[in-house]
Amino acid sequence: MNRWIDVSQPLSSSVTTWPGDTKFDYTISWSKADTGSVNVGKVTMSLHTGTHIDAPFHFGDAGKKVIELDPDLYIGHARVIYLPGRTELVASDLDRFDLTDVRRLIIKTDGWVDKSVFPESIPVLTPSLAERLGTLGVELIGLDLPSVDAIDSKEMAAHHALATHGVHILEGLVLDKIAPGDYHLNAVPLPLVDGDGSPVRALLRPY
């Protein structure tokens with residue numbers, strides 16, 4: 001029986017965050033020693049910590065928030081492809097793959113090898129690739145990167161192009177030990193009413 005493989009970043013004080021963003025912190029608000037019965041913890045973190053999804057509200061004030069997104073986007077068949085050594089991800093990169101009926105596409109880039117250190121640069125998803133994904137009917141793109149745009153991007157061109165073509169975003173996956181192929185994906189976000197993003201526990205299980 002195939003087991004689920006955890007492809008999410010563990011959340012602890014050592015998880016990397018965007019420079020200047022809220023660092024992850026877990027503290028015990030009530031201890032068992034104090035209450036006599038339970039430990040109760042509290043978490044402070046950015047919604048874009050570790051492995052997470054972006055809601056369209058993240059990069060557009062009129063965009064949908066997390067609670068408005070269809071959970072089905074993040075559950076079901078996904079295909080993993082391998083595109084190493086890229087500075088950009090362009091439409092022609094997909095030419096050698098059969099992506100017929102692939103609704104969820106995960107790209108392993110190896111563009112962020114050491115996730116204990118926030119990268120200075122990453123492969124950038126181009127608008128041409130976003131358009132190709134939309135044409136193919138892909139509705140979710142997952143990457144082993146902290147963003148689909150350049151680290152210093154202010155225009156967020158890839159985010160906007162993906163939204164224009166109906167493609168949602170899953171970032172920060174840990175794909176080091178994942179081979180290309182077909183998998184079941186489960187990466188459902190939290191039901192955050194006002195959320196611009198959400199951390200997820202991303203799991204893959206081979207078909």
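Up top you'll find the structure we're talking about.
Within each chain, residues carry numbers counting from 1 in the order of the written sequence. Residues qualify for local features only when their pLDDT is at least 70, as the model is predicted, and side-chain atom pairs are given and counted only at 80 or more; totals for whole chains, interfaces and linings, by contrast, use all residues. Based on all heavy atoms of the structure, the side-chain values leave hydrogens and waters out of the count.

## A few points about helix α3 (residues 157–164)
Categorising residues by exposure relies on relative accessible area from a 1.4 Å probe, with only protein chains included: less than 20% of the type maximum marks a residue as buried, more than 50% marks it as exposed, and the intermediate range marks it as partly exposed. Strands here mean DSSP runs of E at least two residues long; helices mean DSSP runs of H or I at least four residues long; both are numbered from the N terminus. Those residues of α3 lying buried are A158, H159, A161 and L162. Any two residues whose heavy atoms approach within 4.5 Å are treated as being in contact. For α3, the elements touching its buried residues are β4 (52–54), β8 (124–125), α2 (127–136), β9 (140–143) and β10 (168–171). Remark: G166 follows α3 within two positions and exhibits a positive phi of approximately 75 degrees.

## Notes on the packing of aromatic side chains
Each Phe, Tyr or Trp ring, with Trp reduced to its six-membered ring, pairs with another whose centre is within 6.5 Å; inter-plane angles below 30 degrees give stacked pairs, above 60 give edge-to-face pairs, and intermediate values give tilted ones. A full pass over the atoms with the stated rule returns two aromatic pairs. Residues W112 and F118 carry aromatic rings whose centres are separated by 6.1 Å and whose planes lie at 65 degrees to one another, so their mutual orientation is edge-to-face. Neither W112 nor F118 differs from the other in exposure class; each is buried. Above the face of the F57 ring, K65 is positioned so that its terminal group lies 4.7 Å from the ring centre. In this structure, K108 packs its charged tip against the face of Y82, placed 5.2 Å from the ring centre. In this scheme, Lys NZ or Arg CZ marks a charge over a ring once it lies within 6 Å of the ring centre and within 35 degrees of the ring normal.

## Looking at the sheet that holds strand β11 (residues 181–186)
Taken in spatial order, the nine strands of this open sheet run β1-β13-β11-β5-β7-β9-β10-β4-β12, and their pairing is mixed. Of all the strands in the sheet, just β1 (5–6) and β12 (197–199) have a single pairing partner and so form its edges. Here, a strand pair is defined by DSSP locating no fewer than two bridges between the strands. Across three bridges, β4 lies against β10 in antiparallel orientation. The residue bridging D54 from the neighbouring strand is I169, located in β10.

## Some details on the nonpolar core
Taken as a class, soluble globular proteins show a tendency for nonpolar side chains to be buried jointly. The definition of a nonpolar core used throughout is a set of buried Ala, Val, Leu, Ile, Met, Phe, Trp, Tyr and Cys residues joined through side-chain atoms within 4.5 Å. L105, I107, L125, L133, I141, L143 and L162 are the most contacted members of the largest nonpolar core, which has 25 residues in total. Other than its neighbours up to four places away in sequence, L125 contacts L89, A130, I141, L143, V148, A158 and L162.

## A closer look at the layout of surface pockets
Buriedness of a pocket was judged along seven lines, with at least five required to meet protein on both sides within 12 Å; pockets are open sets of points on a 1 Å grid over the protein atoms alone, cavities are sets where a 1.4 Å probe fits but cannot get out, and lining residues have an atom within 4 Å of a point. Grid points are joined across faces, edges and corners, and a volume is the space filled by probe spheres set on the points. Space inside the largest pocket adds up to approximately 300 Å³. Residue lining of the largest pocket: 18 residues in total, with W18, H58, S147, I151 and M156 positioned closest to the centre. The residue inventory of the lining of the largest pocket, partitioned by class, reads five nonpolar, seven polar and six charged. In this structure, the second largest pocket is lined by 15 residues; those nearest its centre are P56, L69, A163, V167 and H168. Top element by residues in the lining of the second largest pocket is α3. It accounts for three residues. Residues are sorted three ways: Asp, Glu, Lys and Arg are charged, Ala, Val, Leu, Ile, Met, Phe, Trp, Tyr, Cys and Pro are nonpolar, and all the rest, Gly among them, are polar. Considered class by class, the residues forming the lining of the second largest pocket number eight nonpolar, three polar and four charged.

Interpretation in functional terms is not warranted from these geometric data alone.
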